[in-house]
Amino acid sequence: MKDYIEQRSIAIGQYIIETNATVRQAAKKFGVSKSTAHKDLIERLVLVNPTLAAQARKVLDTNKSERHIRGGMATKEKYMHEKEHE
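Described below are features of the structure shown in this document. (Residues numbered from 1 in each chain as written. Predicted model: local features only at pLDDT ≥ 70, side-chain atom pairs only at ≥ 80, totals over all residues. Heavy atoms only, no water.)

Section: the nonpolar core
Residues I12, I16, A37, L41 and L45 are the most contacted members of the largest nonpolar core, which totals 15 residues. Elements with a minimum of two residues in this core: α1 (3–19), α2 (23–30), α3 (34–48) and α4 (50–84). A per-element tally of this core places α4 first, with five residues. (Core = buried A, V, L, I, M, F, W, Y, C linked by side-chain atoms within 4.5 Å. Buried < 20%, exposed > 50% of the residue type's maximum accessible area, 1.4 Å probe, protein only. Helix = DSSP H or I, 4+ residues; strand = E, 2+ residues; numbered from the N terminus.)

Have a look at this one:
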């Protein structure tokens, strides 16, 4: 694995742990696709830094379990915003 990919994987992992960010947020911050960010966290980081990978995995699992709630909140916000402009 190339050095810059290892460094990016570590940086994304640290970012997610520090900010409880989603994969989408991390991908946007680091200028990579969501797929690349996910692969960096799930496959590559385990090879480079297993401890950091385990911590990042906990955050990802939490985010995954809460995503249906976030989606509902976003939809509610959307319709509340539309009502204000009627």
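Moving on from the model shown.
Structural notes on unusual backbone geometry
Even without glycine at this site, N20 takes up a positive phi of about 55 degrees. Tracing the sequence through the fold places N20 in the loop between α1 and α2.

Details of the environment of E18
Here E18 lies in helix α1. What makes E18 exposed here is its relative accessible area of 66%. In sequence terms E18 and A56 are 38 residues apart; their C-alpha atoms lie 9.4 Å from each other.

Points about the pattern of salt bridges
For the coordinates displayed, the defined rule picks out four salt bridges. Here R8 ties to D40 by a salt bridge, and the two come within 2.6 Å at their closest N and O atoms. Here R8 is found in helix α1, whereas its partner D40 is found in helix α3, with 32 residues between them in sequence. Here E43 ties to K39 by a salt bridge, and the two come within 3.7 Å at their closest N and O atoms. In this pair, E43 and K39 are both assigned in helix α3, four residues apart and thus about one turn of the helix distant. (Salt bridge = Lys/Arg side-chain N within 4 Å of Asp/Glu carboxyl O.)

Digging into the packing of α1 against α2
Where α1 meets α2, the closest approach of the two axes is 10 Å, and the angle between their N-to-C directions is 130 degrees. Considering their axes alone, α1 and α2 lie oblique with respect to each other. Like other packed secondary-structure pairs, α1 and α2 cross with a definite hand, here right-handed. Contacts from A11, I12, Y15 and I16 in α1 reach V23, Q25, A26, K29 and F30 in α2. Of the residues that constitute the contact of α1 with α2, the class distribution is seven nonpolar, one polar and one charged. (Axes fitted to C-alpha atoms, helices over the stretch in contact; angles between N-to-C directions. Parallel < 35°, antiparallel > 145°, perpendicular 65-115°, else oblique. Left-handed = near helix turned anticlockwise from the far one by under 90°. Contact = heavy atoms within 4.5 Å. Nonpolar A, V, L, I, M, F, W, Y, C, P; charged D, E, K, R; others polar.)

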